[in-house]
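Here's the letter readout for the chains.
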Amino acid sequence: MKKDLIFTPVMLLIGVLLFMLKTTGMTAHIAISVIGLLVLIVYAVLTKKNWKIPALEIIMRVFYGIALITGAVIMNVHSIAALSIIHKASAALFIVLLIVLFIHKLATNKKA
């Protein structure tokens, strides 16, 4: 649970910074997304045995991956609106699942 108390706020901060693209700029957006990917990988390696709902943990990471991949494609192809929608929707779903899983872990630890 201690790792979750560190990981969740860090990823929420990264998510907020990523949603502030107009403020941070594209270079910072790319750097922050790579930092988020590294944090996500380290957290997954450290906590894989403690996942309460493995399917949602995997889906959460998949949404981050989809956002990352579609973001890379958007950098090269600017005129496809569907990619932009997929990019933003998967990023938002990642944040939603991050919060849902964190609340679930808090509730589970309160009962124990």
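Everything numeric here is computed off the predicted structure, so don't read it as measured data.

What counts and what doesn't
- Residues numbered from 1 in each chain as written.
- Predicted model: local features only at pLDDT ≥ 70, side-chain atom pairs only at ≥ 80, totals over all residues.
- Heavy atoms only, no water.
- Helix = DSSP H or I, 4+ residues; strand = E, 2+ residues; numbered from the N terminus.
- Rg over C-alpha atoms; globule rule 2.2 N^0.38 Å.
- Buried < 20%, exposed > 50% of the residue type's maximum accessible area, 1.4 Å probe, protein only.
- Contact = heavy atoms within 4.5 Å.
- Core = buried A, V, L, I, M, F, W, Y, C linked by side-chain atoms within 4.5 Å.
- Polar contact = N/O pair within 3.5 Å; in protein donor to acceptor, adjacent residues only side chain to side chain.
- Phe/Tyr/Trp six-rings, centres within 6.5 Å; stacked < 30°, edge-to-face > 60°.
- pLDDT = per-residue confidence, 0-100.
- Expected span 1.5 Å × (residues − 1).
- Arc of directions from axis to C-beta.

Q: Can you lay out the overall build of the chain for me, pointing to particular residues and giving the numbers?
A: A tally of regular secondary structure across the chain gives five helices and zero strands. Starting at the N terminus and walking to the C terminus, you meet the elements of the chain as α-α-α-α-α. Over its C-alpha trace the chain gives a radius of gyration of 15 Å, about what one expects of a compact globule, namely 13 Å for 112 residues. Projecting the C-alpha coordinates of the chain onto the three principal axes gives extents of approximately 50 × 25 × 20 Å. Relative to its 112 residues, the chain shows a buried fraction of 31%. Looking at the chain alone, contacts between residues at least 24 apart form 72% of all its contacts between residues at least 6 apart.

Q: For the nonpolar core, give the residues involved together with the corresponding values.
A: Counting 15 residues, the largest nonpolar core has F7, M11, L40, M60, Y64, F94 and L98 as the members making the most contacts within it. Going through the elements one at a time, α1 (2-19), α3 (26-47), α4 (54-76) and α5 (81-111) are the ones with two or more residues in this core. Looking at this core element by element, the count peaks at five residues for α5. Not counting chain neighbours up to four residues away, the residues in contact with Y64 comprise M11, L18, I32, S33, G36, L37, L40 and F94.

Q: For the side chain of T70, give the residues involved together with the corresponding values.
A: Counting through the fold element by element, T70 comes out in helix α4. A distance of 3.2 Å separates polar atoms of two side chains, one belonging to T70 and the other to H87.

Q: Give me the lowdown on the packing of aromatic side chains, citing residues and values where you can.
A: According to the stated counting rule, one finds two aromatic pairs in the structure shown. Ring centres of F7 and Y43 lie 3.7 Å apart, and the angle between their planes is 0°; this geometry places the pair in the stacked category. Of the two residues, F7 sits in helix α1 while Y43 sits in helix α3, which places them 36 residues apart along the sequence. Here F7 and Y43 have matching classes, each one buried.

Q: Before we move on, could you go through the confidence of the model for the chain and cite the residues and values that matter?
A: Taken residue by residue, the chain gives an average pLDDT of 87. The fraction at 70 or more is 97%. Confidence scores differ between elements of the chain, with helix α2 (residues 21-24) showing the lowest mean pLDDT of 86 and α3 the highest of 91.

Q: Give me the lowdown on α1, citing residues and values where you can.
A: With 18 residues, α1 should reach 26 Å at 1.5 Å per residue; the first-to-last C-alpha distance of 26 Å fits that figure. Of the residues making up α1, those classed as buried are D4, F7, T8, M11, I14, G15 and L18. Buried residues in α1, looked at end-on, bunch into an arc of 135°, giving them a common side. Residues of α1 that are exposed and point more than 90 degrees away from the buried face comprise K2, I6 and L13.

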